[in-house]
Amino acid sequence: MFKSFLILTLKSIRYRPLRSWLTILGIVIGIMLVVVIFALGDGIQNAVARLLQQFGSDLIIIFPGKETNPLFAFAGGQKFKEDDLLNLNKIRGVRVVVPMTIAVLNVEFNGEKKSVMFHSQPWREYRIIAEESQALKLVEGKWPESDDSREVLLGYRVAFKLFKTRPRVGDDLIIKGRRFKVAGIFSEVGLQEEDNQICMSHKDFQALTSQRGTASSAALKLEKGANIDLVAKQIKFQLSRQEVVRDFSVLTPEKANQIIGNVFSIIELVLVVIALVSLVVGAVGVMNTMYTSVLERTKQIGIMKAIGASSEAVLSLFLIESGMIGLVGGILGIILGITLAYIIGLAAANFGVRGLFSFASLDFFGFFVILVITFITGIISGILPARQASRMEPAEALRYE
Amino acid sequence: MIDNKQNSKTDPVCGMDLSEAADFVEVLYKERAFYFCSDYCRERFEKNPEKFQREPLLKLSNIWKIFKLGNMETQVLKGLSINIWKGDFTAIIGASGSGKTTVLNMLGLLDRPSSGRIFLEGKDVSLLKDEEGAGLRSKKFGFVFQQYNLMPWLTAYENITLPVVFAGKNINSERLEKQIQETGLLERMTHRPFELSGGEQQRVALLRALSNDPEIILGDEPTGNLDSATGNKILELLTNLNKIQKKTLVIVTHNADIAEKADQIIALKDGRLVKNHQTQRKMYPE
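Named according to an unreviewed UniProt entry, chain B is Lipoprotein-releasing system ATP-binding protein LolD. Taken verbatim from the UniProt record of chain B, the Sequence similarities (unreviewed entry) comment is "Belongs to the ABC transporter superfamily."

The name that an unreviewed UniProt entry assigns to chain A is ABC transporter permease. Quoted straight from UniProt, the Subcellular location (unreviewed entry) entry for chain A says "Cell membrane". You can read under Sequence similarities (unreviewed entry) in the UniProt record for chain A the words "Belongs to the ABC-4 integral membrane protein family."

Turning our attention to the UniProt feature "transmembrane region" (unreviewed entry) in chain A. All names here are of chain A. Here, UniProt's "transmembrane region" (unreviewed entry) annotation points to residues 21-41, 269-292, 313-344 and 364-384. With 100% helix and 0% strand, the stretch residues 269-292 has end C-alpha atoms that lie 35 Å from each other. For residues 364-384, the end-to-end C-alpha separation is 32 Å, with 100% helix and 0% strand making up the annotated structure.

The next thing to look at is the side chain of A:Thr289. Position of A:Thr289 relative to the elements: it lies in helix α10 (residues 253-296). Leaving out residues up to four positions away in the same chain, A:Thr289 has contacts with A:Arg19 and A:Thr23.

Within helix α11 (residues 298-306) of chain A, nine of the nine residues are buried, leaving the element largely enclosed by the surrounding structure. Positive phi shows up at A:Gly308, right after α11(A), with a value of about 110°.

All names here are of chain B. The six strands are arranged β8-β9-β10-β5-β11-β12 in an open sheet whose pairing can be described as mixed. Only two strands of the sheet have a single partner each, and these edge strands are β8 (141-144) and β12 (272-273). Note: strand β5 (residues 89-94) against strand β10 (residues 248-252), four bridges, orientation parallel. The residue of β10 that forms the bridge with Ala-91 is Ile-251. Lying over the sheet, helix α4 (residues 130-140) contacts β8 and β9 (216-220), oriented at roughly 80° with respect to β8.

This paragraph deals with the domain arrangement of chain B. All names here are of chain B. In terms of domains, chain B is made up of domain 1 (1-54) and domain 2 (86-114 + 127-273). Distance from the C-alpha centre of domain 1 to the C-alpha centre of domain 2: 30 Å. Counting residues at the interface gives six residues for domain 1 and six residues for domain 2. Buried surface at the junction of domain 1 and domain 2, summed over both partners, amounts to about 510 Å²; 41% is from carbon and sulfur atoms. Its largest share of buried area at the contact with domain 2, domain 1 owes to Cys-14, Met-16 and Arg-44, together 63% of the area lost on that side. Our count for the contact surface shared by domain 1 and domain 2 stands at two salt bridges. Between Arg-44 and Asp-88 there is a salt bridge whose closest N-O contact spans 2.8 Å.

Attention shifts here to the nonpolar core. Within the largest apolar cluster, 86 residues are counted, with the highest numbers of intra-cluster contacts made by B:Leu60, B:Ile92, B:Val103 and B:Phe166. Excluding anything up to four places from it in sequence, B:Ile92 contacts B:Lys100, B:Val103, B:Leu104, B:Leu107, B:Val250, B:Ile251, B:Val252, B:Thr253, B:Ile266 and B:Leu268.

All names here are of chain A. The grouping of Tyr-291, Phe-365, Phe-368, Val-369, Val-372, Ile-373, Phe-375, Ile-376, Ile-380, Ile-383 and Leu-384 at the surface amounts to a nonpolar patch, some 950 Å² of accessible area in total. Examining the composition of the nonpolar patch, we find that ten residues originate from one element, helix α13 (residues 364-390), more than from any other. Here Ile-376 lies in helix α13. Take Ile-376: its relative accessible area is 42%, and that puts it in the partly exposed class.

Further remarks concern the interface of chain A and chain B. Counting residues at the interface gives 26 residues for chain A, matched by 26 residues for chain B. For the chain A face of the interface with chain B, the top three residues by lost area are A:Leu8, A:Tyr15 and A:Ile307, together amounting to 23%. Inspection of the chain A/chain B interface yields two salt bridges. A salt bridge links B:Glu158 to A:Lys11; its shortest N-O distance comes to 2.6 Å. For the interface between chain A and chain B, the tally reads six residue pairs in polar contact (both at pLDDT 80 or more). Only α1 (2-15), α11, α12 (311-350) and α14 (394-399) of chain A provide two or more residues apiece to the side of chain A that touches chain B. Each residue belonging to the side of chain A that touches chain B can be placed in one class, and the counts come to 14 nonpolar, six polar and six charged.

Bringing the layout of surface pockets into the picture now. Residue and element names in this part refer to chain B. Computed from the structure, the second largest pocket encloses a volume of approximately 480 Å³. Lining the second largest pocket are 23 residues; nearest its centre among them are Thr-10, Asp-11, Pro-12, Arg-32 and Lys-59. At the level of secondary structure, the elements contributing two or more residues to the lining of the second largest pocket comprise β2 (32-36), β3 (58-69) and β4 (72-84). Ranked by the residues each element gives to the lining of the second largest pocket, the list is headed by β2, at four residues. The residue inventory of the lining of the second largest pocket, partitioned by class, reads eight nonpolar, eight polar and seven charged.

Another aspect to go through is the side chain of B:Gln264. Residues and elements named next belong to chain B. Position of Gln-264 among the secondary structure elements: in strand β11 (residues 264-269). Residue Gln-264 is classed as buried on the basis of its relative accessible area, which comes to 2%. Contacts of Gln-264, omitting those with residues within four sequence positions, involve Val-13, Cys-14, Tyr-40, Arg-44, Asn-83, Ile-84, Trp-85, Phe-89, Thr-90 and Ala-91.

Another aspect to go through is empty space enclosed by the protein. Residues and elements named next belong to chain B. Summed over all chains, the structure comprises five cavities of 30 Å³ or more. Its boundaries defined by the atoms lining it, the largest cavity holds a volume of some 150 Å³. Leu-109, Arg-112, Leu-128, Gly-133 and Arg-137 are, among the 15 residues lining the largest cavity, the residues nearest its centre. Per element, the largest residue contribution to the lining of the largest cavity is three residues, and it comes from α4.

All names here are of chain B. Relative orientation of the contacting elements helix α7 (residues 198-210) and helix α8 (residues 228-243) amounts to 15°, with a least axis distance of 10 Å. Judged on the interaxial angle alone, α8 and α7 are roughly parallel. Handedness of the crossing formed by α7 with α8: right-handed. Each of Gly-199, Gln-202, Arg-203, Leu-206 and Leu-210 in α7 lies in contact with α8, whose residues at this interface are Thr-230, Ile-234, Leu-237, Leu-238 and Leu-241.

Below, the discussion takes up the sheet that holds strand β6 (residues 115-120) of chain B. All names here are of chain B. Here four strands make up an open sheet; going across it, the order is β4-β3-β6-β7 and the pairing antiparallel. Looking at strand neighbours, the two that pair on one side only are β4 and β7 (123-124), the edges of this open sheet. Bridge analysis of β3 against β6 gives five bridges, and the strand direction is antiparallel. Within β6, the position partnered with Lys-59 by the bridge is Phe-119. Contacts from helix α3 (residues 100-107) reach β3, β4 and β6, with the element oriented near 125° to β3.

Conventions adopted
- Residues numbered from 1 in each chain as written.
- Chains lettered and ligands numbered in written order.
- Predicted model: local features only at pLDDT ≥ 70, side-chain atom pairs only at ≥ 80, totals over all residues.
- Heavy atoms only, no water.
- UniProt positions renumbered as here; feature names shortened; annotations may be inferred.
- Helix = DSSP H or I, 4+ residues; strand = E, 2+ residues; numbered from the N terminus.
- Contact = heavy atoms within 4.5 Å.
- Buried < 20%, exposed > 50% of the residue type's maximum accessible area, 1.4 Å probe, protein only.
- Pairing = 2+ DSSP bridges.
- Axes fitted to C-alpha atoms, helices over the stretch in contact; angles between N-to-C directions.
- Domains from an automatic or database assignment.
- Buried area = accessible area lost by both parts, 1.4 Å probe.
- Salt bridge = Lys/Arg side-chain N within 4 Å of Asp/Glu carboxyl O.
- Core = buried A, V, L, I, M, F, W, Y, C linked by side-chain atoms within 4.5 Å.
- Patch = residues over 30% accessible without salt bridge, like charges linked within 9 Å, V, L, I, M, F, W, Y side chains within 5 Å.
- Areas by Shrake-Rupley, 256 points an atom, 1.4 Å probe, with all protein chains shown as cover.
- Polar contact = N/O pair within 3.5 Å; in protein donor to acceptor, adjacent residues only side chain to side chain.
- Nonpolar A, V, L, I, M, F, W, Y, C, P; charged D, E, K, R; others polar.
- 1 Å grid on protein atoms, 1.4 Å probe; cavity = no way out; pocket = protein on both sides within 12 Å on 5 of 7 lines; lining within 4 Å.
- Points joined across faces, edges and corners; volume = space filled by probe spheres on them.
- Parallel < 35°, antiparallel > 145°, perpendicular 65-115°, else oblique.
- Left-handed = near helix turned anticlockwise from the far one by under 90°.

In structure tokens form, the structure reads like this:
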């Protein structure tokens, strides 16, 4: 019986292709949006997770300001005294302290001028963190030996995408009117900030910007087996005695995860709301079509009843129809959503943002859930029109022209 | 309304209520008085008195039907009583708006009376639940309409078997194939209704009406949309069903020629049964 009804419904849907496809389109757009949104959410989460991984599990980051969003806090205005940061080295368990400063400076290469984000830190200490904790490698050249050798390391995209002719190891860049030699090029990280920056020694940077003895943040690497929470507490205590920066944050990997988790639960909530709204919009479309369809087929309903269709049968036919519309919309929505996310992802990768979309949470189970939801949405939007159809008195429906 | 119990003068043949009639025919049969609306019914009774003392296959008893459209009320049927006998060909005639189609809908359990009762094989079916009505319709009745009323999105074959699907039964392909061959539609089974001529569509509709092998065929002007030659063929198919397969046939028609072939004519005027069938035939010559 159900199979016969399914066939009947499919034939009926195919008989009115334009109407059917337009309705399906409503659901398709909704589901497409849902898939893209979830893929984007996953992608961002992955990107952040990778960023955190770069910090390593034995790193502590110190920066001015409250622990809000660690992604944006580095650019904050206040600066620590470099000595206050370096003194943290005396705490038991701390292996290396790397004071860091970030600034945007003008760079000239082969007559081409660009603004680039600069990252300054002492070479020797930073190399330890970069190689041991962040798995950051050089694809060309080698790490500078001395902090006043006027050498820089280029991020992957600065080296390969920023300038028309690509700077090579040994080439000179003119930064704020002074010559710097390219000592090496980092491998691609896949994160905008990392790949688009130039690293410079702290000493050179201070000479260049005449900001002596300050640093905007610091990364600390701990000794093996050190208690990270205890060390973080001691850092906080020691830093609270300096008076330059009153508000500062000591970020352990665990805490960073927690903060990002909070941010993401908000983002996810917003995404879910958007998804629900688009689904409701699609459902209203289905309901509208089904009502029109009931009205249009009033006479046919009368005929069906005259030749023995029960109200239940008419109800089933209309519910199967709306359910099918939901289901087909869901399937096409998923396919188009993935295609769209993939295309946007490719375009974004072209601009250096890799892994913008991820389909991690959209496995077969995820798709199955989406399809079940669209099918149920279709059926729910079909309930009222289908009930109206099933309750029609056959003689009255037959009179309808 | 007329109270049936006090003056129960009912024509046992056509079912007409004669309690307020000015003239009627009274006959004593086996020491019992019978009342007839006309000599026509009396003659039918005298030919086969046993048949007309049993329960009719379908019986409308004092049926009123009132349509409400906004504040307007239209009385379509006004206390109508008729009998339909098993194996009979009954023609329902009358001018437009006389309530013919409504009577047919009542007989086919497609409509509910505002008051009065409908009996099928002696059982009151006027207050059936929706599902029970659908079950009876699919089991007992086959409908043929003036406009053919085929589903435009189904092929001829799918249209024919649609009632079987709704009845939840298996298709009796042997019987069906024979019927399709008899109606000469074998080549047209995969066509959609719009690819068929009017006559072909009506034959498909007729096969659809027969697909559940019903006892009663109800036709609402089944030849009304067809030219006379095609119409006659359809009519022949219908009357053969009555004559050969002994199906009970009820047809609403304007056509006096069709009515002429009927065993019983129900003539309606303004929602009431018109007396004296023989004069009826002269009243509606066209």
